Amino acid sequence: MDISLKNVEYRYQVNTPFERLAIQDVSIDIPSGTFLALIGHTGSGKSTVLQHLNALLKPTAGEVVIGERTITSEKKQKDLKAVRQKVAIVFQFPEHQLFEETVEKDICFGPMNFGVNEEEAKRRAHEAIKQVGLDESILQKSPFDLSGGQMRRVAIAGVLAMQPNVIVLDEPTAGLDPRGRKEIMDMFYQLHKERNLSTILVTHSMEDASRYADKIAIMHKGQVYKVGTPLEIFSDPEQLIEMGLDVPEVVKFQQKLEKTFGHKFAKTCLTIEEISQEMPRFLKRGEA
Amino acid sequence: MMEKMIFGRYVPADSVIHRMDPRSKLLIVLLFVCVVFLANNAITYGALVVYTLLMLAMSKVPMRFVFGGLKLVFILIIFTFLMHIFLTREGPVIFELGWFKVYEEGLRQGIFISLRFFLLILITSILTLTTAPIAITDGLESLLGPLKKLKFPVHELALMMSIALRFIPTLMEETDKIMKAQSARGVEFSSGPVKDRVMAIIPLLIPLFVSSFKRAEELATAMEARGYRGGDGRTRYRKLVWSGIDTLMLLLLLALTILLIIFRT
Amino acid sequence: MKNSLVQIRNLSFKYDEHADYALKDVTFDIYEGEWLAIVGHNGSGKSTMAKLLNGLNFPKEGSITVDNLLLSEETVWDIRDKIGMVFQNPDNQFVGTTVQDDVAFGLENHGIEREEMIKRVHDALESVKMEEFLDQEPHHLSGGQKQRVAIAGVLALRPNIIVLDEATSMLDPRGREEVLETIRQLKASQEMTVISITHDLEEAAKADRMIVMNKGQLYREGSPEDIFQLDEELISLGLDIPFPVKMSKMLKALNIPVSKHHLSEEELVEELWTSHSKM
């Protein structure tokens, strides 16, 4: 399912003294099957953009096209459920949304809200719990007896069980340890590959953005600053650093080497393997 | 409507009334609430109105804001007024239209009681509009101080109030977040049949409770780590300053009270 | 050799509701003026360690001695005076309604005179660069700013040791850097002993010494350089290794001579430069 934002603007608390412009003139195309990373500072408008992707917010100007639906400021929107079933969001710290007596019931909650019958929902719960790397025996436990990391996975399973066409991830690995982070991100990447699931990842981790995304959009002060492939985005690291944003360690390292040696690598490297391959050639020029 | 409500709202500004000690403002409101019942004729009510409007003028809170915010209250006041007009049947009839008669006593009581109601609302609004909630808490703690001797947990109560105030915005944010997360899972909070909407509260309330308990526990740990062990031996960072204007305004109200006692009929 | 400030001996702890020990037979020392990073995956026992240090829980077995004071029910408040804690969640440790009230909270608890409090609140906020936010309410602050206020609250009490219990794990990169920079400056200017409990390996790499926890036990103790030689072992413990170490390893594998697994990019770049430029 394609999603596209066209000149979207959003103001909080319109017509009150607290009115605040959150995003302005935001246009992003997300064709079906894309893995898009949305990066930018806290307060750059990332979360506001994210909430437009499944009509949790309605633009105050411009339009959001989600599949067949067009959402604008004027129209009174009916049946947003259909949109929300197709575009699911994993919010930051999703474990905070758990509430049912058992893990199974909680996972079934989303699908059943969208009209899936109980039997099918349970089948999906079994499938989803395995997807997130937990044992099926956990289904009958109370979500509140689990560890933080397990709760996170259960909440994610609850979203996966809705079987969306597009999944939006708001810093899904915040607060996890390195192993947990890697496992969760690898799982989402695998889903993206296997099912051609459109994935939109809001993240502070430039490593994740460069490793997983095929397109990166940088948000800055409520506007889209730049959209491009990881290579396009990170081949101009100075620009990002000026904005106070990070760049992947590899890019930083390459930059430092280039500065010290006074000559450039043949290309911008995004992985440690790439830069290692380039290294002998780079170092030789230093000797010459 | 809610955005314009002024109940419990604090409007920061720099005015004499804003700078007054919360204790004196609390005392004034308390005394005023008693005194208002002494008034029973034009002179006495007039004096109260003058005093209240004086306070309001000194507070520099825009009149339009105050009266705009009290719209809901006005409806209630008009209702009270009409009740008296219709139901009191004493004294001479001063207006007659078919079966409908307005008695003098009805008009008098209607006006006075509505006025009393209005003055009470206004004076408490002036208190809350000009005093930060935390200052009201401090004032209350200080005024209730003597009750500590009777083992009344004044300090704990004040601390509870201040923590509650501190966490209101945090919990509002949290509510909004959870509502959005559950909406994304297909819950409809604002449309659909009433029964469904009532049921929608559960996936909102349970996570809120769970996180509030967690917050409370972590907060208690953090407080303990910073050496909190109850009110004994604690010093205070916030200091209440009683100044000339506090004494003056209170004396003025006392004078008014005496005036009221003399002139009431 | 620096003086040992805290002695932890054969410490074991078990939560009542769990069957397994959260900490088992842990022994180590904390030295005056050092930055000690305690790392481990979630559930390795590192946060339990923090709670025990401050007497928020009491050990089942073993002992903790802080500055010659044996931790017990009687000494717990004196020990809390010596150890300041900054916790994970920026919101859930902000007690005051404004920044200055929050910093003052600990001082009020200790019965400090008001004049002295005002001075200390200002000094503490100045040292975390938050002096312009005196009357700000917490919901108008960023996570990093709230954590800096929490640090100020600790500083105002003038402890010997500051414990950061995953204090940066809920922050964005900017907030994390703000907090770590604040701590670095404080450590340099005030001779503070810092214990940071973390799973951020980049953060740990900058410490003076590291302790690796695994399944409630002390797995390894040493300088970051020693610890990161463990390499794959760390990954199997659910941790990671910092980029410069990975890079050094990779280069070695390609037969590019690198003397050791460097912990900082600068060092690595420096070595590559010296070995390849002037030949």
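Heads up: the structure comes first, above all this text.
Keep in mind that what you see is a predicted model, and the values were worked out from it rather than measured. (Residues numbered from 1 in each chain as written. Chains lettered and ligands numbered in written order. Predicted model: local features only at pLDDT ≥ 70, side-chain atom pairs only at ≥ 80, totals over all residues. Heavy atoms only, no water.)

S.K.: In this structure, what is going on with the overall build of chain B? I would like to understand it.
M.R.: When you go through chain B residue by residue, the secondary structure sums to 11 helices and 2 strands. Ordering the α and β elements of chain B from the N terminus gives α-α-α-α-α-β-β-α-α-α-α-α-α. In terms of its C-alpha atoms, chain B occupies a principal-axis envelope of roughly 70 × 55 × 35 Å. By the burial criterion, 42% of the 265 residues in chain B qualify as buried. (Helix = DSSP H or I, 4+ residues; strand = E, 2+ residues; numbered from the N terminus. Buried < 20%, exposed > 50% of the residue type's maximum accessible area, 1.4 Å probe, protein only.)

S.K.: Sorry if this is basic, but what is going on with the interface of chain C and chain A here?
M.R.: Note: interface size is frequently given as the accessible area lost on complex formation between the parts. Residue-level contacts link 32 residues of chain C with 28 residues of chain A. In total, chain C and chain A occlude about 2,700 Å² of area from one another, counting both sides; carbon and sulfur atoms represent 67% of this. Where chain C packs against chain A, one counts 2 salt bridges. Ionic pairing is found between Lys256(A) and Glu266(C), a salt bridge with its closest N-O pair at 3.2 Å. Between chain C and chain A we count 8 residue pairs in polar contact (both at pLDDT 80 or more) in total. Taken together, the elements giving at least two residues each to the side of chain C that touches chain A come down to α6 (173-190), α7 (201-205), α9 (232-236), α10 (243-253) and α11 (265-277) of chain C. Considering each element in turn, the side of chain C that touches chain A owes the most residues, 8 residues, to α11(C). For the side of chain C that touches chain A, the per-class residue count stands at 17 nonpolar, 8 polar and 7 charged. (Contact = heavy atoms within 4.5 Å. Buried area = accessible area lost by both parts, 1.4 Å probe. Salt bridge = Lys/Arg side-chain N within 4 Å of Asp/Glu carboxyl O. Polar contact = N/O pair within 3.5 Å; in protein donor to acceptor, adjacent residues only side chain to side chain. Nonpolar A, V, L, I, M, F, W, Y, C, P; charged D, E, K, R; others polar.)

S.K.: Any chance you could explain unusual backbone geometry here in plain terms?
M.R.: Most peptide bonds take the trans configuration, and most residues that are not glycine carry a negative phi. At Gln163(A), a position not held by glycine, the phi torsion is positive, near 50°. For Gln163(A), the location among the structural elements is in the loop between α5 (148-160) and β7 (166-170). By relative accessible area, which is 33% here, Gln163(A) ends up partly exposed. You will see that Lys151(B), though not glycine, has its phi angle at about 65°, which is positive. Checked against the element boundaries, Lys151(B) lands in the loop between α7 (133-144) and α8 (154-184). Lys151(B) sits in the exposed class, given a relative accessible area of 77%.

S.K.: Hey, could you run me through the pairing of strand β1 (residues 3-12) of chain A in this one?
M.R.: The side chains of a regular strand alternate between the sheet's two faces. Of the pairings in the sheet, the one linking β1(A) to strand β4 (residues 61-66) of chain A comprises 5 bridges and is antiparallel in character. Its bridge partner lying in β4(A), Leu5(A) is registered against Val64(A). (Pairing = 2+ DSSP bridges.)

S.K.: It is not clear to me how the pattern of salt bridges should be interpreted in this structure. Could you clarify?
M.R.: Here the idea is simple: oppositely charged side chains can pair when their charged atoms come close. Counted by the stated rule, this structure contains 51 salt bridges over all chains. Between Asp176(B) and Lys180(B) there is a salt bridge, and its shortest N-O distance comes to 3.4 Å. Residue Asp176(B) and its partner Lys180(B) are both found in helix α8; the two are separated by 4 residues, about one turn of the helix. Given a relative accessible area of 14%, Lys180(B) falls into the buried group. A salt bridge links Glu221(C) to Arg209(C), with the nearest nitrogen and oxygen atoms 2.7 Å apart. Remark: Arg209(C) occurs in strand β9 (residues 209-214) and Glu221(C) occurs in strand β10 (residues 217-222); sequence separation between them is 12 residues. Salt bridges sharing partners connect three or more residues here, namely Asp138(B), Glu141(B), Arg236(B), Arg238(B) and Asp101(C).

S.K.: In this structure, what is going on with the packing of helix α3 (residues 99-109) of chain C against helix α5 (residues 143-155) of chain C? I would like to understand it.
M.R.: Each pair of packed helices gets described by two things: the angle between the helix axes and the distance between those axes. Residues and elements named next belong to chain C. Where α3 contacts α5, the axes come no closer than 7 Å and their chain directions differ by 35°. The crossing of α3 and α5 is right-handed. Between α3 and α5, the residues in contact are Val99, Asp102 and Val103 and Val149, Ala152 and Gly153, respectively. Across the contact of α3 with α5, the residue classes tally to 4 nonpolar, 1 polar and 1 charged. (Axes fitted to C-alpha atoms, helices over the stretch in contact; angles between N-to-C directions. Left-handed = near helix turned anticlockwise from the far one by under 90°.)

S.K.: Looking at this structure, I do not really get the sheet that holds strand β3 (residues 35-39) of chain C. What am I missing?
M.R.: Neighbouring strands of a sheet are bound in pairs by backbone hydrogen bonds; such pairs are parallel or else antiparallel. All names here are of chain C. Pairing within the open sheet is mixed, and its 6 strands lie in the order β6-β7-β8-β3-β9-β10. The sheet is open, and its two edges are formed by β6 (83-86) and β10, each paired on a single side. Going across the sheet, the axis of each strand differs from the next one's by a mean of 20°, ignoring polarity. Where β9 lies against β10, 5 bridges are found, and the strand directions are antiparallel. The partner of asparagine 214 across the bridge, within β10, is glutamine 217.

S.K.: How do you make sense of the packing of aromatic side chains when you look at a structure like this?
M.R.: How two aromatic rings sit relative to each other is given by the distance of their centres and the angle of their planes. Within this structure, the stated rule accounts for 16 aromatic pairs over all chains. Here Tyr10(A) and Tyr12(A) contribute two aromatic rings whose centre-to-centre distance is 4.9 Å and whose plane-to-plane angle is 85°, an arrangement assigned as edge-to-face. Taking the centre distance of 4.0 Å and the plane angle of 10° together, the rings of Phe265(A) and Phe282(A) count as stacked. Separated by 17 residues along the polypeptide, Phe265(A) in the loop between α10 (249-261) and α11 (272-287) and Phe282(A) in helix α11 bring together distant segments of the chain. Among the aromatic residues, ring-to-ring pairing joins Phe261(A), Phe265(A), Phe282(A) and Trp273(C) into one connected group. Over the ring of Phe167(B) we find Arg166(B); its NZ or CZ atom is 4.0 Å from the centre of that ring. The side chain of Lys24(C) reaches across the aromatic face of Tyr21(C), ending 4.5 Å from its centre. (Phe/Tyr/Trp six-rings, centres within 6.5 Å; stacked < 30°, edge-to-face > 60°. Lys NZ or Arg CZ within 6 Å of the ring centre and 35° of its normal.)

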